[in-house]
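Chain by chain, the residues run as shown.
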Amino acid sequence: PVLGRYTHARAFIPRLKQLMDHYGDEEVTFYERDTTTVESLIDRLINQMDMIYFHFNNGIEYDDEDEEWIAAKKLFLNPTGWMDGGSSYGLILGGTGAQVVGIGSRTLKTSDISITNVEIYGIGNQAIEKLKFSTDDGSTRLVMFDAIDWVAVSDQIEDRTTSKYIGDAYTDLTFAVGEVVESWYFMNSLLISDAERQYVFHGDNDALEVIWQTPDEAYPYHDGCGTDIQLHS
């Protein structure tokens, strides 16, 4: 009944204790929002996880007008049952590196491939697809090597010159980690670009245009899918 973000958030829990102990009083300010503390962001994420857990396991019902319940459902509830993260392959022609970081990402050192007498059939995948965003340093990603879902955490993306970061409990906390934590042991795979920081904390729409660009000159802008929430193809 839940999306991949619920798994990410649960896996985040061991880090939250250290984050609370060492950085709980640190303040962060998202664009056009009141200043908050890391402690408050942690409490909000845990509260939304609890709401989902108690709803499905204990039958607890929440007020449909409750803003935190609305936010928790948007972040964690899977209305379709389709996979929010998963990989399926018929035949992999893989280049250098792991083969689970986005369709067409691993092409290095592949060439002159011929296939004969091969039939591929019956492949199906209903993973909820996402856009994979990249910079020259690689795919931008969160602590669990998961995708940043810019579509979900922006108020709209049809007109990116007026888009605004609205965030969610999980993404807000992750960006706060990027602001206050220096330990790469803690941050794990977290890779946030300067443009992403400018958009999230300062409302810079020019920076959002940079986020939407790709390092590939042949395909300069993102215009389709290419990953799931776990940055797997």
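Residues numbered from 1 in each chain as written. Predicted model: local features only at pLDDT ≥ 70, side-chain atom pairs only at ≥ 80, totals over all residues. Heavy atoms only, no water.

J.: Any chance you could break down the packing of helix 1 (residues 4-23) against helix 2 (residues 38-58) for me, citing the residues and the numbers?
T.: Interhelical geometry of helix 1 versus helix 2 gives an angle of 150 degrees and a closest axis separation of 10 Å. The pairing of helix 1 with helix 2 is recorded here as roughly antiparallel in orientation. Crossing of helix 1 over helix 2 shows left-handed handedness. Of the residues in helix 2, those touching helix 1 at Y6, A9, R10, F12, I13, L16, L19, M20 and Y23 are V38, E39, I42, D43, L45, I46, M49, I52 and Y53. Residue composition of the contact of helix 1 with helix 2, grouped by class: 15 nonpolar, no polar and three charged. (Axes fitted to C-alpha atoms, helices over the stretch in contact; angles between N-to-C directions. Helix = DSSP H or I, 4+ residues; strand = E, 2+ residues; numbered from the N terminus. Parallel < 35°, antiparallel > 145°, perpendicular 65-115°, else oblique. Left-handed = near helix turned anticlockwise from the far one by under 90°. Contact = heavy atoms within 4.5 Å. Nonpolar A, V, L, I, M, F, W, Y, C, P; charged D, E, K, R; others polar.)

J.: Summarise the packing of aromatic side chains; cite the residues concerned and give the values.
T.: By the definition in use, this model includes 13 aromatic pairs. A centroid spacing of 5.9 Å and a plane angle of 65 degrees characterise the contact between F12 and Y170, whose relative ring orientation is edge-to-face. With F12 in helix 1 and Y170 in helix 4 (residues 169-180), this pair connects stretches of sequence that are 158 residues apart. A relative accessible area of 0% means that Y170 is categorised as buried. (Phe/Tyr/Trp six-rings, centres within 6.5 Å; stacked < 30°, edge-to-face > 60°. Buried < 20%, exposed > 50% of the residue type's maximum accessible area, 1.4 Å probe, protein only.)

J.: An account of the pattern of salt bridges is needed here, citing residue identities and associated values.
T.: This model, assessed by the stated rule, comprises nine salt bridges. For E32, the salt bridge goes to K164, with nearest N and O atoms at 3.0 Å. Residue E32 is found in the loop between strand 1 (27-28) and strand 2 (36-37), and its partner K164 is found in the loop between strand 4 (138-139) and helix 4; the two are separated by 132 residues along the sequence. Relative accessible area serves as the criterion here: at 57%, E32 is assigned to the exposed category. A salt bridge links D149 to K130; the nearest nitrogen and oxygen atoms lie 2.9 Å apart. Of this pair, D149 sits in the loop between strand 4 and helix 4 while K130 sits in the loop between helix 3 (67-76) and strand 3 (134-135), and the two are 19 residues apart along the sequence. Linked through salt bridges whose partners overlap, the residues forming this network are E179, D194 and R197. (Salt bridge = Lys/Arg side-chain N within 4 Å of Asp/Glu carboxyl O.)

It is worth stressing that arrangement in space is one thing and function is another; only the former is reported here.
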